[in-house]
Amino acid sequence: MPSLTVPQTPRYVPALPTKENLQYADLAIIDLSKAATAEGRAELAVELREGLTTHGFCYIINHGYTQAQNERMFDIADIPMSGVPEDEKRAYTGDSKKTGIFQGYKPRQYWHIDAGVRDQLEHYACNRHVYSLMHPQALRPFLPDIDAFARFQPWLHNLDLTALLRLMALSLELPEDTFVKLHDFDAPGVSYLRFMKYFPRSEEEEVQTKNVWMKGHTDFGSITLLWSQPVAALQIQTKEGWRWVKHIENALLMNIGDSMEFLTGGFYKGTIHRVVQPPIDQRGYTRLSMIYFSFLNDDVKLVPLMASPVLQRVGVERRCEDDAAPTMKAWRVARISAYGTSDLRKSKEPGIEEEVLNGIVVKHYN
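Everything numeric here is computed off the predicted structure, so don't read it as measured data.

Enquirer: So what about the pattern of salt bridges? Which residues, and what values?
Expert: Inspection of every chain in the model, using the stated rule, returns 18 salt bridges. Residue Glu43 pairs with Lys34 through a salt bridge whose shortest N-O separation is 3.3 Å. The shortest N-O distance in the salt bridge between Asp177 and Lys181 comes to 3.4 Å. It is possible to trace a salt-bridge network through shared partners that takes in Lys34, Glu43 and Glu47.

Next comes the structure, spelled out in structure tokens:
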């Protein structure tokens, strides 16, 4: 008979929220408790559209996960970094440059940041089909938690009408199931959960990189969901310049990636964001994150959804001609294989470096 005992985890204790007076981005807050009625969903679709066209980032609250569940998942998220011996980590290290897939460990100092300085972040990636691959021994007792967490993402993979993907479709005046069909949980694709931990750097490294821990970039999937945590380091690029993202307890941060930008003809743009050194009262602490990267089905061609009345009214900006547009798989493989390992060229625009993937210019903001 299966054990009814829930395995206990070591506690991960994060830093307290910063007391520094930072310039925060004014992000929309989407309250999913309103999504129980057609009227509520219509209201939320408008709020989501305004939030995503303004900043490309927004908060999600009342999503159905409790604070206690949230804290337990953060405890579990630290296990791959703090509870697995280094030799075992090496056995589960992925090779994203060769495979075009994030799976298993990315060790520290794998990516080049700037001026010869390499990253100080470690992450463990887990495909949404949690049991499809093996995992480190220390993590195995918690696979039921991780599997339930991956499948919990109801805004992406559940047919419940509260799904964010349905709100995204409504915001474009498309049938509610448009994006649900393009994110089939069981279709070929690589949506995945990432546990990621940043470690403090030396003062010399901070000077060489101008305090940037990860260069400004866009995500390359469709939607990214980041569970809010207290260490301030995430910034987004706004019309007023770089702005910090404020921590809201048990909230999610949602942002748009390249793939959704392709599908909406630039109506929803991939938001440029970066990670920088935390404020003074949080320095010396690690920064633990839980992120769900959602990708379209591998065979989806990245062309504008011109059936949308919204796109018909406002027009579209294509990043390439439709007949040259990559599939989700081709774009994902190109972006993942190149990220942090390719040689970037200086752009004519100040502070920007570029690379060309599948004939499309990709910018990195430093």
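Enquirer: How would you summarise helix α2 (residues 67-82) if you had to cite specific residues and measurements?
Expert: For α2, with 16 residues, the first-to-last C-alpha span of 22 Å sits near the 22 Å given by 1.5 Å per residue. Among the residues making up α2, those that are buried are Asn70, Arg72, Met73, Phe74, Asp75, Ile76, Ala77, Asp78, Ile79, Pro80 and Met81.

Enquirer: Could you give me a rundown of the packing of aromatic side chains, with the residues and numbers involved?
Expert: Tallied over the full model, the rule gives ten aromatic pairs. Ring-pair connections join several aromatic residues into one group, and the members of that group are Tyr192, Phe220, Phe293 and Phe295. When the ring centre of Phe199 is taken as origin, the NZ or CZ atom of Arg108, which lies over that ring, is 3.9 Å away. Taking the ring centre of Phe185 as reference, the NZ or CZ of Arg128 above it sits at 5.5 Å.

Enquirer: How would you summarise the side chain of Arg287 if you had to cite specific residues and measurements?
Expert: Mapped onto the fold, Arg287 is located in strand β14 (residues 287-294). Buried and without a salt bridge, Arg287 has Asp219 as its closest oppositely charged side chain, separated by 11 Å. Reaching out from Arg287, the side chain makes a polar contact with the backbone oxygen of Val231 at a distance of 3.1 Å. Once you skip the residues sitting within four places of it in the chain, Arg287 turns out to touch Tyr12, Met196, Lys197, Tyr198, Gln229, Val231, Ala233, Leu234 and Val275.

Enquirer: Kindly report on the pairing of strand β13 (residues 273-276), identifying the contributing residues and their values.
Expert: The alternating pattern of β13 places His273 and Val275 on one face and Arg274 and Val276 on the opposite face, and all of these are buried. For strand β8 (residues 212-217) and β13, the ladder comprises three bridges, and the chain directions are antiparallel. Note that in β13 the partner of Met214 across the bridge is Val275. Pairing between strand β10 (residues 234-238) and β13: three bridges, direction antiparallel. What sits directly across from Ile236, in β13, is His273.

Enquirer: I'd like a rundown of the sheet that holds strand β7 (residues 192-198), residues and numbers included.
Expert: With respect to topology, eight strands assemble into an open sheet ordered β1-β2-β12-β9-β14-β7-β6-β3, the strand pairing being mixed. Two strands close off the open sheet at either side, each with one partner strand: β1 (28-31) and β3 (104-106). Strand-to-strand twist in this sheet, taken as the mean axis angle between neighbours without regard to direction, amounts to 25 degrees. Sheet topology places strand β9 (residues 223-227) next to β14; four bridges connect them, and they run antiparallel. Within the sheet, the bridge partner assigned to Leu226 lies in β14 and is Ile291. This element, helix α1 (residues 38-54), spans β1, β2 (57-61) and β12 (252-256) of the sheet and lies at about 155 degrees to β1. On top of the sheet, α2 reaches β3, β6 (121-127), β7, β9 and β14; it is set at about 100 degrees to β14, its chief contact.

Reading guide: rules and limits
Residues numbered from 1 in each chain as written. Predicted model: local features only at pLDDT ≥ 70, side-chain atom pairs only at ≥ 80, totals over all residues. Heavy atoms only, no water. Salt bridge = Lys/Arg side-chain N within 4 Å of Asp/Glu carboxyl O. Helix = DSSP H or I, 4+ residues; strand = E, 2+ residues; numbered from the N terminus. Expected span 1.5 Å × (residues − 1). Buried < 20%, exposed > 50% of the residue type's maximum accessible area, 1.4 Å probe, protein only. Phe/Tyr/Trp six-rings, centres within 6.5 Å; stacked < 30°, edge-to-face > 60°. Lys NZ or Arg CZ within 6 Å of the ring centre and 35° of its normal. Lys, Arg positive; Asp, Glu negative; His and termini not counted. Polar contact = N/O pair within 3.5 Å; in protein donor to acceptor, adjacent residues only side chain to side chain. Contact = heavy atoms within 4.5 Å. Pairing = 2+ DSSP bridges. Axes fitted to C-alpha atoms, helices over the stretch in contact; angles between N-to-C directions.

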